[in-house]
Amino acid sequence: SSHATNFMSLGTFLFLHFRRYSKYWRFLFLWVALVAYSRIYLGVHYPADLICGAALGASIGAFVYWVSKKFLSRFPKTA
């Protein structure tokens, strides 16, 4: 499911990036779960589609976070 992949990758990236700054990051995964549930409720995907899509999305989000940290660490911090 592209919905599960896209929303999970965005949720994972935002969680990894902002987890130190906010205590409300848990709502990101509630949002992802609601989007995934809506796909099942509407009958357009099976649960296995969403599980695989979410796993792929989490991997993509973590990879993009890792790449962004590697890229941004090359630049000095400015005040």
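Residues numbered from 1 in each chain as written. Predicted model: local features only at pLDDT ≥ 70, side-chain atom pairs only at ≥ 80, totals over all residues. Heavy atoms only, no water.

Caption draft 1: Layout of the overall build of the protein. Broken down by element type, the protein carries three helices and zero strands. Reading the protein from its N terminus to its C terminus gives the helix and strand order α-α-α. Oriented by its inertia axes, the alpha-carbon framework of the protein measures out at about 50 × 25 × 10 Å. For the protein, the proportion of its 79 residues judged to be buried stands at 24%. (Helix = DSSP H or I, 4+ residues; strand = E, 2+ residues; numbered from the N terminus. Buried < 20%, exposed > 50% of the residue type's maximum accessible area, 1.4 Å probe, protein only.)

Caption draft 2: Examining the layout of surface pockets more closely. Its volume calculated, the largest pocket comes out at about 250 Å³. Forming the boundary of the largest pocket are His 17, Arg 20, Tyr 21, Lys 69, Leu 72, Ser 73, Phe 75 and Lys 77. Taken together, the residues of the lining of the largest pocket sort by class into three nonpolar, two polar and three charged. (1 Å grid on protein atoms, 1.4 Å probe; cavity = no way out; pocket = protein on both sides within 12 Å on 5 of 7 lines; lining within 4 Å. Points joined across faces, edges and corners; volume = space filled by probe spheres on them. Nonpolar A, V, L, I, M, F, W, Y, C, P; charged D, E, K, R; others polar.)

Caption draft 3: Highlighting the environment of Leu 50. Inspection of the secondary structure assignment puts Leu 50 in helix H3 (residues 47–72). Judged by relative accessible area, Leu 50 falls into the buried class, the value being 6%. Measuring from C-alpha to C-alpha, the distance between Leu 50 and Ile 40 comes to 8.4 Å, with 10 residues separating the pair along the chain. Sequence-distant contacts of Leu 50, defined by excluding residues within four places in its chain, comprise Ser 1, Ala 4, Ala 36, Arg 39, Ile 40 and His 45. (Contact = heavy atoms within 4.5 Å.)

Caption draft 4: Seen up close, the confidence of the model for the protein. Averaged over all residues, the pLDDT of the protein is 89; the fraction at 70 or higher stands at 97%. Across the protein, element-level confidence peaks in H3 with a mean pLDDT of 94 and bottoms out in helix H2 (residues 26–41) with 90. (pLDDT = per-residue confidence, 0-100.)

Caption draft 5: Highlighting a nonpolar patch on the surface. Together, Leu 56, Ile 60, Phe 63, Val 64, Trp 66 and Val 67 make up an exposed nonpolar region whose accessible area comes to about 560 Å². Topologically, Val 67 is positioned in helix H3. (Patch = residues over 30% accessible without salt bridge, like charges linked within 9 Å, V, L, I, M, F, W, Y side chains within 5 Å. Areas by Shrake-Rupley, 256 points an atom, 1.4 Å probe, with all protein chains shown as cover. Salt bridge = Lys/Arg side-chain N within 4 Å of Asp/Glu carboxyl O.)

Caption draft 6: Fine view of helix H1 (residues 2–18). For H1, which comprises 17 residues, the first-to-last C-alpha distance of 24 Å matches the rise-based estimate of 24 Å (1.5 Å per residue) to within 8%. Taken together, the buried positions of H1 are occupied by Ala 4, Thr 5, Met 8, Ser 9, Gly 11, Thr 12, Phe 15 and Leu 16. (Expected span 1.5 Å × (residues − 1).)

Caption draft 7: The packing of aromatic side chains, seen in detail. One pass over the structure, following the stated rule, counts six aromatic pairs. Relative to Trp 31, the ring of Phe 7 lies with its centre 4.9 Å away and its plane at 75°, an arrangement referred to as edge-to-face. You can see Phe 7 sitting in helix H1 and its partner Trp 31 sitting in helix H2, a full 24 residues away along the chain. Residue Phe 7 is classed as partly exposed on the basis of its relative accessible area, which comes to 23%. The ring of Phe 15 has Arg 19 lying over it, and the distance from NZ or CZ to the ring centre is 6.0 Å. (Phe/Tyr/Trp six-rings, centres within 6.5 Å; stacked < 30°, edge-to-face > 60°. Lys NZ or Arg CZ within 6 Å of the ring centre and 35° of its normal.)

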